Every structure is written in structure tokens, then in C-alpha cells.
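# Working through the structure, step by step
Chain residues, written in single-letter form:
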Amino acid sequence: MVAEPTTAPSRQQFRFSGLSLAITEHAPMPMAMVEGASHVVRSVNAAFCRLMDKPMEQIVGKPFNELLPKQDECRRLLDRVFQTGESETYLEEEYPNLRPVFWSYLAWPVWEQERLVGVVIQVTETAQLHDRTLAINEALVLGSVRQHELTEAAESLNAQLEVEMIERQKTARELAEMARLLDLSNDAIMVMDLGCRILYWNHGAEELYGWPGEEALGKVSHALLQTKYPTPVAQITEELYRTGRWAGELVQTKRGGELITVLARRALERDSHGNPAAILEHMTDITERMKAVEALRQAQAQLTDRAGQLEELVAARTAELTATNKQLEAFVYSIAHDLRAPLRAMEGFADMLVEDAGAALNKTSQDCAAHIKKSAQFMDALLRDLLAFSRISQQGVELASINLQTVVESVLARLQKDILAKHARVESSGPWPDVLAHEPTLAQVLFNLASNALKFVKPDVPPLLRLRADATGEFIRVWVEDDGPGIEPDHQVQIFRPFTRLYGEKFAGTGIGLAIVQKGVERMGGRVGVESAPGQGSHFWFELRKA
Amino acid sequence: MNENQTILLVDDSVDDLALMREAFRRAKCQHPLQEVHHGEEAIAYLKGEGPYGDRSQFPLPVVMLLDLNMPKKNGFEVLAWVRAQPVLKRMAIFILTASMRTEDVERAFDLGATSFLVKPLSLDELAAMLHCLGDWIQINHFPPLEEAGRNERPAIRDRWHNPEPQVPAILAWASVNCREPRGA
């Protein structure tokens, strides 16, 4: 610092010893002297210039606080010292390049004849001088940050633990609540660990097995209960671990030694990581049920035996019945057969009588002989019809698929002579579907109905015979229609009864023809009927199943 | 020629036999008739046992009309017996019965009946049937029924000179021969 004598006032006011000048001039610490209340820089030393990185001319004469950062602080510091006359130290941090720089300002007053004229400021940038301190500082900061992080982590962990604790306490409370509820259940419920040691034993289990809770807890369940498993334990465990469930029947022993059968249902409890933790087992005593099942099985076996016996009995009876039927049929047949022989004699001898007597017989006598013959013929027809009726009622009727057309044609062929003789008009129209029937019976039915149509005619009108078939659902309805005298509604049921001849002697016939038709159709599983009105002809129908 | 041939009637019913005789008469059938009344008698006749040994009086028939329902061996048994004989088995046997049962027809043909005829009610129908039979006998070629010498049955040799077969006769026979019971 060169104290040049400049303007007069300054020179008069300031007096420095040459020694102090020498000290400050070459001091390593930057120093500056400011004068007056505005703290104008009067002199600086070389170190100060180096610090500011400015030449002396640019510094001297300027207000001090313009030179440094934190201008206000600086000024306040200077003001204080200037006013109080006390020296002060001020330390400030700066972070120009993210590295902290510490400025320390030492300020002491300059006295001139007991008057404060200025302040000497010594500025030190500690960063330049204390790298190691800085490093330590850094470490401390980092450490404090690290510590902050750790604290945070610890706190967060703590918070988690607290939450878990609360959860666990809640779970424990809930479990205890559930345990109380489980105790209410009548069923036996227990919880085992993975080694089958009993962890929980409800009231129902106490009642079922007879072991109170304190004696059951901690024991291995299958040892305590002498459990017999239906399948190997390894298999059960495998299924339980794989699917989380297992159910099966176990045979166990109660406290008193009594054997019971139990339906056990197990569920695997997993912890929050999904690992098996415990086994919940629910047991239902099914001993009674098993006994009932066994009793049922025995009863069923007995029933099957009985059924077998009954079947044998039925088979035997059926065989007897069939034999009886056959006998009956043979009986009926032989009666009819034997009764017909005298009829041949009646007919034949009456005929021979007439022929032999020749002219000797008058008209009346001849009529008598004719009458005898006619009666014989009638009785023969009656016997033949009765035989047919009996046969249809008794014989086995096995149904097969029959072509209607073939049967219709053969019936018409048999009636051909009659048709021609009566000049009948025959209308037979298809389609003729196949039906489920017994062929001879079907032929008999059609023959009787068709010959009726040819027989029951209006006078002087050639008979009409119309045959056709309808399909209605599962059934085929065959129509045999005539344009004869017709039948009153009141009589339409009774004509199907045996020996019913509605018109008496007016039309030939035994009165059994329709009875045969009805019986025959019924035995083939169908129905028969007629649609008719007096004067409107008769439309007979019968239904058979479609083949 | 064949008109000399005996027809053997086998039936237990006296009435039926009488009616048959009348029917043959009406049919103008010239064949001599022999009658037996039950199966055992029929077999005895065919064997030539007892009085039937006299073949001049009881010759072997050209046709046997055989009823089925008879005491002392029924028609089936007679039929079976005849068909079991070495030479006699060739005989023409016509079942003539009142039965129309299918099982009887089947059994008769199983046992080897030549034909199955059902006795009609009226005499006239029976006569027509027997007329048919007569025609058939005319046209049929009959085998010898015995191991006989060449001289014994000249009539049979003569049959080689029979008139031409008559088609209507065949058809008439076909209409009465029973393959199925009449009237089903």
C-alpha cells in the first residue's frame, strides 16, 4: 500500500506509521482500508488486488461494498464497525461453483487522534487455504445427507412395521373372533400345521372325538385319532398342496376306543407369500350314514334277489299261461272242428234229399230243405268267424314292417269274384306307406272291412269300395269306405261287438266280422272307428303305427 | 285206363264218407272206392295184412284221400309211415280234412303229402273238387308201388298212351290244392 500524499484533506487526516504500511503492503491476506462513512477504498494491498483480480487503480476510490458479493451485509458490517469502533468478524459462504467458498471478513477501526476515520478490512477466502477442511465439510454434508436417507428409510420401515403390527393385531383379533364363531359350530373343525400337529381344536371336535382342547393341542392328529386313510398319505398331501383341497372318508377312533367314519375336508392355508402355512380340516361324522348306506346295500341285494326270484316266477307263470293258451286254442279249435262235421252232413244230406226226391217234393218241402242247407251254411260261417276271432285274440301277434300295398292288393284279389259279380266300383289310391303290423291279422281286418263294403249296399246301386291311407303323426290311418245305407251315431259303437247284426237278416253275415276287425287292430296296437250317417255311406278307419 | 284205379278213402266220419261217395257220383268218377276208418286200418290195408292181403279185392290205390283227425293213428302218422316204406313211399297221398290250420298244412307237406285239400261245406263244391281229382289222375304219370314183375300191371304200361294233358285240369287242381289255409 502506498500512501501517497494526495489531496490535502486526506493527508492531513491520515497518518500511518511506516511500519504498519510495510506490514500491510506485503501481507498475504488481502487487506483494504476504507475511509469515511461511505467506506471508500483508500488503499489496498497487493493480495487484495490479486483476490479481486483487478489492478489497484480500479479498486482505489470505489465504495468497498461494490467490490464484494453480499453488498448489503458488507455495508452493514462496515457501518457497525465505523460506528461502534469495535472490530468484528464476519463469515460468509458462497457457492460459485457448487463448491462452498468461505469468506471471512475481519474489520477493525482506524483511529486518528481519537477519531474514527476508517476501517481496515482483511478478507480471507478460506477455500483457498483449507482444502482439507472443505473435503471434511463435504464429507460431513454427504454424511448428513446419507444419514438423512438412512433416517428416512428407518422411519419408513418403522412405519411399515407399525402398519404390519396393527394388521397382525387386527388379524389376531379377527381370528380370535372367528375361533369363537367356529366354536359355535356343531361340526368338528381343526387347524393343523404342516406336520399335522393340532393348532386349533374347536368345540365340535371336542364333542366328536372326546378329547378336550388342552389334550388335543400340539398332538399329531393322525396319531391322536388313529386315523386310517383311504389312499396313501403321500397322495393326499400331494393333492392338497397341488389343488389346495382334499376330501375323503377317514376311519378314526374316539377317545373311548369307538370307531367312527368321518368325512374330512381339508383346505390348505397359504401365507402372504403363497407358501403353505397351515391346514384347515373340517370333519363330519358319517358313521350313521355309512351304516344306513350299508343297510341300503343289503336291502338292495335282497331286492335284487327277490326280483330275480320274481322274474323266475313270472317266467314260469308265463310259460304256464302260454301252455294254457295253446291248450285253450287247441280246445276251441277242436270244438269248432267237431261242430262243423255235422253241418257238412246237414248240408250234404239235405241236398241229396232234394235231388233224390226230385219232382216228388213240392215247393214247400223243397224250401224246407233249402232252409236246412242255409242254416248249416250260416252255422259254418259262424264257426269259422269264431275260430278266427279266437285265433286273433290268443295267438302271439308279432309286429313287423308290412307293406300296405301288398296286403291291399291280395285282399282285392281274393274278393275279385265278388267284385265282378256285383259290378262293384273299386277305388284304391296310394300312397300306401309301410305299417307296423301282423300280416295275417292285417289281411283279415282289411278283408272283413272290404267284404262288408261290398255287402252293405243301397238297393239297386252297385257297391262302391274305396281304400286309402292318411299319415297323421306316428300313425297311418287306413280308410275303407262304402256308399251303403250308413250307420246311425247311436249304433256306431255296438256294431263292433260280437253277434251284432244291425240290419238283422237283411244283410248276410255272422255279426262277428267287425268284432274280429276291432280285436285284430287292437292287438296290433291301433284303434278302429267309423264315420257315418244314415244314407251317407260308411267310412271305416283303423290306425296302425308307421313302420 | 286209369279209371280202374282204386281210390282209398281214409276217414273216421261215416257221414263224411257217405258224402264223399255221393260227391264222387256227382262228379261222374268211375274209380272204384275203398274205405277204411282209421290210421291202423289204413296201414293194414297198404301192408296187405289180414283180409287186405287179397289184392284182387283190395288193390293198392292210385290215390289215397287221407283225413287228419282220426283215432288209432291219425293222418300224419299214416303219412309218415307210408313215406318211410321203400317203394310204397311214392304213393300219391291227398290230405282231405276239415282243418284249415297253417301248422297242419306245413306239417303235412313236411311229411311229404302230395296235396292238401280242405273239405268244403257244400256237397256241390266237394263234387267239383273230386272231379278235379279225377282229371288229375288222368294226366298224372304214376310210379309202380311194388317191386313187381313186368306182367303184373299192364294198366300202368298203358298209361304211356294217355291222351294229351288237359291244361284246364291242371288249373282246376291247382285251385283246390291247399298251400295255405282257405279264408286265412
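Residues numbered from 1 in each chain as written. Chains lettered and ligands numbered in written order. Predicted model: local features only at pLDDT ≥ 70, side-chain atom pairs only at ≥ 80, totals over all residues. Heavy atoms only, no water.

Let us look at the pairing of strand β10 (residues 276-285) of chain A. Residue and element names in this part refer to chain A. Bridge count for strand β6 (residues 188-192) against β10 is five bridges, and the pairing is antiparallel. Among the inter-strand pairings, I189 is bridged to a residue of β10, identified as H282. Across nine bridges, the pairing between strand β9 (residues 259-270) and β10 is antiparallel. Within the sheet, the bridge partner assigned to L268 lies in β10 and is I279. (Pairing = 2+ DSSP bridges. Helix = DSSP H or I, 4+ residues; strand = E, 2+ residues; numbered from the N terminus.)

This part covers the side chain of T227 of chain A. Residue and element names in this part refer to chain A. One can find T227 in the loop between α10 (221-224) and α11 (233-243). A polar side-chain atom of T227 sits 3.2 Å from a polar atom in the side chain of Q252. Leave out the neighbours within four places in its chain, and T227 touches S221, H222, L250, V251 and Q252. (Polar contact = N/O pair within 3.5 Å; in protein donor to acceptor, adjacent residues only side chain to side chain. Contact = heavy atoms within 4.5 Å.)

This part takes up the pattern of salt bridges. A full pass over the atoms with the stated rule returns 38 salt bridges over all chains. Residues participating in the shared-partner salt-bridge network are E347, D351, E355 and K373 of chain A together with E22, R25, R26 and D124 of chain B. (Salt bridge = Lys/Arg side-chain N within 4 Å of Asp/Glu carboxyl O.)

Residue and element names in this part refer to chain A. Taking strand neighbours across the sheet as the criterion, the five strands line up as β12-β14-β15-β17-β16 in an open arrangement whose pairing is mixed. Single-partner strands in this sheet number two, and they are β12 (425-428) and β16 (527-532). Taken over all neighbouring pairs, the strand axes of this sheet differ in orientation by 20° on average, direction set aside. Looking at chain direction, strand β14 (residues 464-472) and strand β15 (residues 475-481) are connected through seven bridges and run antiparallel. Considered in β15, the bridge of T472 is made with F475. Strand contacts of helix α14 (residues 404-414): β12, β14 and β15, with the helix running at about 170° to β14, the strand carrying the most contacts. (Axes fitted to C-alpha atoms, helices over the stretch in contact; angles between N-to-C directions.)

Glancing now at the nonpolar core. Residue and element names in this part refer to chain A. L442, L446 and F542 are the most contacted members of the largest nonpolar core, which totals 39 residues. Every element with two or more residues in this core is listed here: α14, β13 (434-437), α16 (439-455), β14, β15, α17 (513-523), β16 and β17 (538-545). Of all the elements, α16 adds the most residues to this core, at eight residues. Setting aside its immediate chain neighbours within four residues, L446 contacts V407, V408, V411, L467, V478, V480 and F542. (Core = buried A, V, L, I, M, F, W, Y, C linked by side-chain atoms within 4.5 Å. Buried < 20%, exposed > 50% of the residue type's maximum accessible area, 1.4 Å probe, protein only.)

Residues and elements named next belong to chain B. Taken as a whole, helix α4 (residues 102-111) has its buried residues at D104, V105 and A108. Looking down the long axis of α4, one finds its buried residues gathered within 100° of arc, a one-sided arrangement. Turning to α4, the residues buried within the fold contact α3 (75-83), β4 (92-97) and β5 (115-118). Downstream of α4 by a residue or two, G112 has a phi angle that is positive, lying close to 105°. (Arc of directions from axis to C-beta.)

Glancing now at the sheet that holds β5 of chain B. All names here are of chain B. Spatial strand order, β2-β1-β3-β4-β5: five strands in an open sheet with parallel pairing. Every other strand in the sheet has two partners, leaving β2 (33-36) and β5 as the edge strands with one partner each. Looking at each pair of strands side by side, their axes are set apart by 20° on average, direction ignored. Judged from the four bridges that link them, strand β1 (residues 7-10) and strand β3 (residues 63-66) form a sheet pairing that is parallel.

Averaged over chain A, the pLDDT score is 84; the fraction of residues at 70 or greater is 91%. Contacts from residues 1-16 of chain A, a stretch scored under 50 in pLDDT, to residues over four places away or in other chains number 24 contacts. (pLDDT = per-residue confidence, 0-100.)

With 21 residues of chain B at the contact, the number on the chain A side is 20 residues. At the boundary of chain B with chain A, total buried surface from both sides reaches about 1800 Å², with 55% on carbon and sulfur atoms. On the surface where chain B and chain A come into contact, there are four salt bridges. Summed over the shared surface of chain B and chain A, the number is six residue pairs in polar contact (both at pLDDT 80 or more). When residues of the side of chain B that touches chain A are traced back to their parent elements, those giving at least two are α1 (14-26) and α5 (123-139) of chain B. Broken down by element, the residue count for the side of chain B that touches chain A peaks at seven residues, all from α1 of chain B. For the side of chain B that touches chain A, a count of residues per class yields eight nonpolar, five polar and eight charged. (Buried area = accessible area lost by both parts, 1.4 Å probe. Nonpolar A, V, L, I, M, F, W, Y, C, P; charged D, E, K, R; others polar.)

Quick look at α1 of chain B now. Between the first and last C-alpha of α1 of chain B there are 19 Å, a value that for 13 residues agrees with the 18 Å anticipated at 1.5 Å per step. Those residues of α1 of chain B lying buried are D16, L17, A18, L19, M20, E22, A23, F24 and R26 of chain B. Where the residues of α1 of chain B are buried, they touch α12 (287-357) of chain A together with β1, β2, β3, β4 and α5 of chain B. (Expected span 1.5 Å × (residues − 1).)

Taken as a whole and assessed by the stated rule, the structure comprises two cavities of 30 Å³ or more. Considered as a void within the structure, the largest cavity measures approximately 80 Å³ in volume. Lining the largest cavity are R344 of chain A together with D16, L19, M20, L96, K119, P120, L121, S122, L123 and L126 of chain B. Elements with a minimum of two residues in the lining of the largest cavity: α1 and α5 of chain B. For the lining of the largest cavity, the leading source of residues is α1 of chain B, giving three residues. The class makeup of the residues in the lining of the largest cavity is seven nonpolar, one polar and three charged. Space inside the second largest cavity adds up to approximately 30 Å³. Along its surface, the second largest cavity is lined by Y333, A336, H337, R340 and L387 of chain A together with A98, S99 and M100 of chain B. (1 Å grid on protein atoms, 1.4 Å probe; cavity = no way out; pocket = protein on both sides within 12 Å on 5 of 7 lines; lining within 4 Å. Points joined across faces, edges and corners; volume = space filled by probe spheres on them.)

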